[in-house]
Amino acid sequence: MNLVQHGAVYNMLSLGIASMTFTSLFLWYARERVLPKFRMAVMVSATVTSIAAYHYFRMFDSFNEAYPVGGTPEQGFAGYNVGYRYVDWFLTVPLLLVELVAVMGLARAVQSSLLKRLVPAAAAMIILGYPGDMKMNLLYEGDASVWGLLSTIPFLYILYVLFVEISKSLASQSPKVQGLLKGARLLLIATWGVYPITFITAMNSKGAPSFDEVVSREIGYSIADILAKCVFGLIIFTIARIKSAEENKEFAANEFRD
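Residues numbered from 1 in each chain as written. Predicted model: local features only at pLDDT ≥ 70, side-chain atom pairs only at ≥ 80, totals over all residues. Heavy atoms only, no water.

(A) Region of interest: the overall build of the protein chain. The number of helices and strands found in the protein chain is 10 helices and 0 strands. Beginning at the N terminus, the succession of helices and strands in the protein chain can be written as α-α-α-α-α-α-α-α-α-α. Looking at the protein chain as a whole, 49% of its 258 residues qualify as buried. Sequence separation of at least 24 residues holds for 78% of the intrachain contacts in the protein chain that already meet a minimum separation of 6. Surface accessibility of the protein chain: about 12,000 Å² in total, with carbon and sulfur atoms responsible for 66%. (Helix = DSSP H or I, 4+ residues; strand = E, 2+ residues; numbered from the N terminus. Buried < 20%, exposed > 50% of the residue type's maximum accessible area, 1.4 Å probe, protein only. Contact = heavy atoms within 4.5 Å. Areas by Shrake-Rupley, 256 points an atom, 1.4 Å probe, with all protein chains shown as cover.)

Written out as structure tokens, the structure reads:
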């Protein structure tokens, strides 16, 4: 790996560490700035970015050891622990859906019904994607396409729940909150779309990925993570603030006075 390639990934992982760490600090500190009923959504957002910050530190160290300047693709592939990303996603992707549902303030039965479907589907999507990214032939001797296909099934189900089931509950929200929720939902799906695209580009390569593939994968995944966790979490916080003001006049007077 040359110096430019190494520096690009090094700096992007560093940006991931900074983004996740300071978004976490802000959300933990600001959680008291919303009503108690919406505080859980903000705390889940902070948990997501905190988990991601930890794993970005681990990925940063793993990358520097596995891909030194002048190293070979085979050495890098053998030494870089892709599992850090998948453990992170296994924990944080379901939680992203939890915070989206939690901030809507739906009836407990409706929340429970949505989460019982979304959380297992999100976990299955990550679990099924991991063997393909690691080029593990656990079911049959073939390429990674079967894992990509299997991982797409729960992804499509999540899309159905987000755009059909949850849409039914948007009517109860104020116009401003509706707009933010729709934007948050689109951001989540758009950033998740980066993962399968990156997966597909390397799906049929044999052996260790090239340095260019590693650079594009790590940069693409990191940008998507920052948008899907930090920016998404800040949108959730904004929604919680607006809903708190809508439901409590005293809160609105104290928090939004000139």
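What follows continues from the structure just given.
(B) Representation of the pattern of salt bridges in the model. Scanning the model with the defined rule gives 9 salt bridges in all. The salt bridge involving Arg 85 is made with Asp 225; its shortest N-O contact spans 3.1 Å. A residue pair is termed long-range when its members are at least 10 positions apart, and Arg 85 in helix α4 (residues 83-103) and Asp 225 in helix α9 (residues 211-247) qualify at 140 residues. What makes Arg 85 buried here is its relative accessible area of 2%. Look at Asp 225 and you get buried, because its relative accessible area is 0%. Close ionic contact of Lys 229 with Asp 225 constitutes a salt bridge, the shortest N to O distance being 3.4 Å. Taken together, the positions of Lys 229 and Asp 225, both in helix α9 and 4 residues apart, correspond to about one turn of that helix. In this structure Lys 229 comes out as buried when scored by relative accessible area, which is 2%. Through salt bridges with shared partners, a single ionic network connects Arg 85, Asp 88, Arg 217, Glu 218, Asp 225 and Lys 229. (Salt bridge = Lys/Arg side-chain N within 4 Å of Asp/Glu carboxyl O.)

(C) Molecular detail of empty space enclosed by the protein. Under the definition given, this model contains 1 cavity of 30 Å³ or more. Approximately 40 Å³ is the volume found for the largest cavity. Every residue along the wall of the largest cavity is listed here: Leu 100, Met 104, Ile 166, Leu 170, Leu 181 and Arg 185. Residues belonging to the lining of the largest cavity are distributed by class as follows: 5 nonpolar, no polar and 1 charged. (1 Å grid on protein atoms, 1.4 Å probe; cavity = no way out; pocket = protein on both sides within 12 Å on 5 of 7 lines; lining within 4 Å. Points joined across faces, edges and corners; volume = space filled by probe spheres on them. Nonpolar A, V, L, I, M, F, W, Y, C, P; charged D, E, K, R; others polar.)

(D) Summary view of the nonpolar core. In this structure, Ile 158 and Trp 192 are the most contacted members of the largest nonpolar core, which totals 73 residues. Examining the composition of this core, we find that 16 residues originate from one element, α9, more than from any other. If we skip the residues at most four places from it in the chain, Ile 158 touches Leu 97, Leu 118, Ala 121, Ala 122, Met 125 and Trp 192. (Core = buried A, V, L, I, M, F, W, Y, C linked by side-chain atoms within 4.5 Å.)

(E) Focus on a nonpolar patch on the surface. Residues Tyr 157, Tyr 160, Phe 163, Val 164 and Leu 186 make up a contiguous nonpolar surface patch of about 430 Å² in total accessible area. Of the residues forming the nonpolar patch, the biggest block, 4 residues, is contributed by helix α6 (residues 145-165). The topology assignment puts Leu 186 in helix α7 (residues 175-192). (Patch = residues over 30% accessible without salt bridge, like charges linked within 9 Å, V, L, I, M, F, W, Y side chains within 5 Å.)

(F) Representation of the packing of aromatic side chains within the structure. Under the definition given, this model contains 9 aromatic pairs. On the numbers, 5.3 Å between centres and 80 degrees between planes, the contact of Phe 26 with Phe 237 is edge-to-face. Of this pair, Phe 26 sits in helix α1 (residues 3-30) while Phe 237 is found in helix α9, placing the two residues 211 residues apart along the sequence. In this structure Phe 26 comes out as partly exposed when scored by relative accessible area, which is 38%. Taken together, the ring pairs connect Phe 63, Tyr 67, Tyr 80 and Phe 211 into an aromatic cluster. (Phe/Tyr/Trp six-rings, centres within 6.5 Å; stacked < 30°, edge-to-face > 60°.)

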